[in-house]
Amino acid sequence: MQVLTPEMMKKCDQATIKAAYPEILLMESAALATAKMAEEIIEKEISFEYKSELKLSFLIGQGNNGGDGLAAARILKNWGYQPQIVLTCSPSELSGVNALNFKLAVLNKIEIYQFEQLKTKEFISLIKQSDLIVDALLGTGIKGQIRGSVKSIITLINQQLVKKPLTLAVDIPSGIIAANGNLAGDALKADYTVTMAAYKRGLLLYPGKDYAGKIKVVEIGIQSETIQENSDQLKVFNQQEAKKSLPVRKNNSHKGSFGKLALLAGSPGMTGAPILTAKAALKGGLGLVYLLTAAEIAEMTAAQLPELVSVALPSQAGLIKETAAAKILKFTEKVDLIAAGPGLGQDKGVKTLIENILKESSLDLILDADALNVISDLELLKNYKGKLTLTPHPGEMAALTGLSIKEINNNRIDIARKFAQKYQLNLVLKGAATITAAPDGRAYINLSGSNGLATAGSGDVLTGLIAALMAQESDNFRAAALAVYIHGRAGEFAAQANSDYAMIASDIIANLKKVYQELQ
Ligand SMILES: NC(=O)C1=CN([C@@H]2O[C@H](COP(=O)(O)OP(=O)(O)OC[C@H]3O[C@@H](n4cnc5c(N)ncnc54)[C@H](OP(=O)(O)O)[C@@H]3O)[C@@H](O)[C@H]2O)[C@H](O)CC1
Ligand SMILES: [K+]
């Protein structure tokens, strides 16, 4: 399913209207979907005897988002509810389809208030008594910081109400910038969002994602071809996508059928990282892991995980020496892919080692953590002969690009995509709302996960999973996106079992089986 910017959404609306779909009909479809969602929420969340006893309050802005709200209120009135409307402007300031929907609301005898004419106390009491608020103040047309009556309403609700009524946002919570998920000063938190035709970026990026609650994308008459033509190939990776992408395992197979991984990882202070990566790779379905590690810890790591084949490399002060390059490259002749980085440590020797692999190997290669930190010549990435995947967190991405972490997080989608295209590699930009980008411009925003995933070793687990899925699926980009999804979903299961607070990286691995069972 596509993820759009406000400009793309506008183009879709315009193309649909131009192709003979009247604007009022589009708005009516959006309103009908909103009314249905409101009814679903009411039935699920509120116990009541008569529809007419429920207080449904519609907060209505001056634009088309408000128009959606006006029409939805009218539909619910016709279904036997008693909605009331709070308008942020005077009726004479409404135009076009919004003015028409206002007239219809009046005709249907809906109770209408103008915010400016209400005393603060009256407004607060009206909101407090509401069983459901429908937020149709601002949608994709937001410009600049919130202002005027819209700002007063959002501020009053956020500052004066200890317990906020159940809230349904129309299209996007008001105050969230649809292009990037940032706050336009302040925003109204929703429990549910009904969004028209496609996801908007701001619903999936933080802080917007925290404001949106449960999101439902509804069809309003815009053809999927129109959305496809006006989008930029950014999609969500959700359970449906994961089910489609899960590699089929052949019955007539041996451990070589599911891939052999050379994992270059670990140092004396960091013996857990390679174990987490190796274990996640094996539990992810990979056939065989060779851990290539510093001589000091080769034996000890082998003892920690009996399924592992541990290979000792020459080292100095615990870090693998650059002279190990020849041995590693010779060794990689018998594997299908290489993953490097977890717990590797950083020094000149490690840097030379990684550079040599980038210059000489042509296997599928995943670089994570310290293997990313030692890269200074980005041309090496571009010129790599095999298929390359990088898995930076925002700090590592900042080091790779020379941007600040804040800049990365403010524009993570575009930065990840441009980097992947420029250097012709798969990029997994980690953090809340992980982006997976392909060299050909495709990209996914991942939808699974929990804040418990922000725990030591979580990235090491992801690297192992990416290796596992890549070994089983030929499209490395799809494999990486699937691994990110599975990692996030296993994190959700781990959080359910342990709480977000108490889960650790090993719990992600322990819950992989539940994800595979769910996807099969
Ligand atoms: N045909 C369609 O386009 C459909 C659209 N749908 C819904 O429409 C909205 C987008 O509607 P749009 O009118 O483009 O914009 P909004 O309603 O979101 O906002 C515009 C009004 O809000 C005022 N505004 C803008 N920024 C601010 C702000 N920071 N603070 C306060 N007020 C603001 C703006 O005022 P101006 O003075 O700038 O003109 C407008 O009054 C979309 O989200 C959907 O809900 C339907 O889905 C159907 C088809
Ligand atoms: K809204």
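A quick note: this is a predicted structure, and the numbers were derived from the prediction, not measured.

*Asks:* Go over the domain arrangement of the chain, please, and point to the residues and values.
*Replies:* Domain annotation for the chain reports domain 1 (3-232) and domain 2 (242-519). For domain 1 versus domain 2, the separation of C-alpha centres amounts to 42 Å. At the interface, ten residues of domain 1 touch eleven residues of domain 2. Interface area, domain 1 with domain 2, both sides summed: about 810 Å², of which 57% is carbon and sulfur.

*Asks:* Can you break down the coordination of the potassium ion (ligand 2) residue by residue, with the values?
*Replies:* Of the protein atoms, only N65 (OD1), D135 (O), L138 (O), V170 (O), I172 (O) and S174 (OG) coordinate the potassium ion (ligand 2), at distances of 2.6 to 3.0 Å. Taken in sequence order, the residues that donate to the potassium ion (ligand 2) follow the motif N-x69-D-x2-L-x31-V-x1-I-x1-S. Placement of the pair is N65 in helix 3 (residues 64-78) and L138 in the loop between strand 5 (132-136) and helix 6 (148-160), with a sequence separation of 73 residues. A relative accessible area of 8% means that N65 is categorised as buried.

*Asks:* Can you break down unusual backbone geometry residue by residue, with the values?
*Replies:* For the bond from Y206 to P207, the omega torsion is 5 degrees, close enough to zero to count as cis. For P207, the position within the fold is in the loop between helix 7 (201-204) and helix 8 (208-212). We note that A20 has phi near 85 degrees; this positive angle belongs to a residue other than glycine. Here A20 is to be found in the loop between helix 1 (6-18) and helix 2 (23-45). Here S499, not a glycine, exhibits a phi torsion of approximately 85 degrees, which is positive. Here S499 is to be found in helix 21 (residues 476-502).

*Asks:* Account for the UniProt feature "binding site: AMP" (unreviewed entry) in the chain, with residues named and values stated.
*Replies:* In the UniProt entry, the feature "binding site: AMP" (unreviewed entry) is given for K430, G431, A432, A433, T434 and G459. Judged by maximum C-alpha separation, these annotated positions cover 30 residues in sequence but sit close together in space, the widest gap being only 14.2 Å. Structurally, the position occupied by A432 is in the loop between strand 19 (426-429) and strand 20 (435-437). Once residues within four sequence positions are removed from consideration, A432 is found in contact with Y206 and R412. Among the secondary structure elements, G459 is positioned in helix 20 (residues 458-472). Owing to a relative accessible area of 22%, G459 belongs among the partly exposed residues under this scheme. Setting aside residues no more than four positions away along its own chain, G459 makes contact with D368 and K430.

Thresholds applied
- Residues numbered from 1 in each chain as written.
- Chains lettered and ligands numbered in written order.
- Predicted model: local features only at pLDDT ≥ 70, side-chain atom pairs only at ≥ 80, totals over all residues.
- Heavy atoms only, no water.
- Domains from an automatic or database assignment.
- Contact = heavy atoms within 4.5 Å.
- Buried area = accessible area lost by both parts, 1.4 Å probe.
- Donors = N, O, S within 2.8 Å, 3.2 Å for Na, K, Ca; no water.
- Helix = DSSP H or I, 4+ residues; strand = E, 2+ residues; numbered from the N terminus.
- Buried < 20%, exposed > 50% of the residue type's maximum accessible area, 1.4 Å probe, protein only.
- UniProt positions renumbered as here; feature names shortened; annotations may be inferred.

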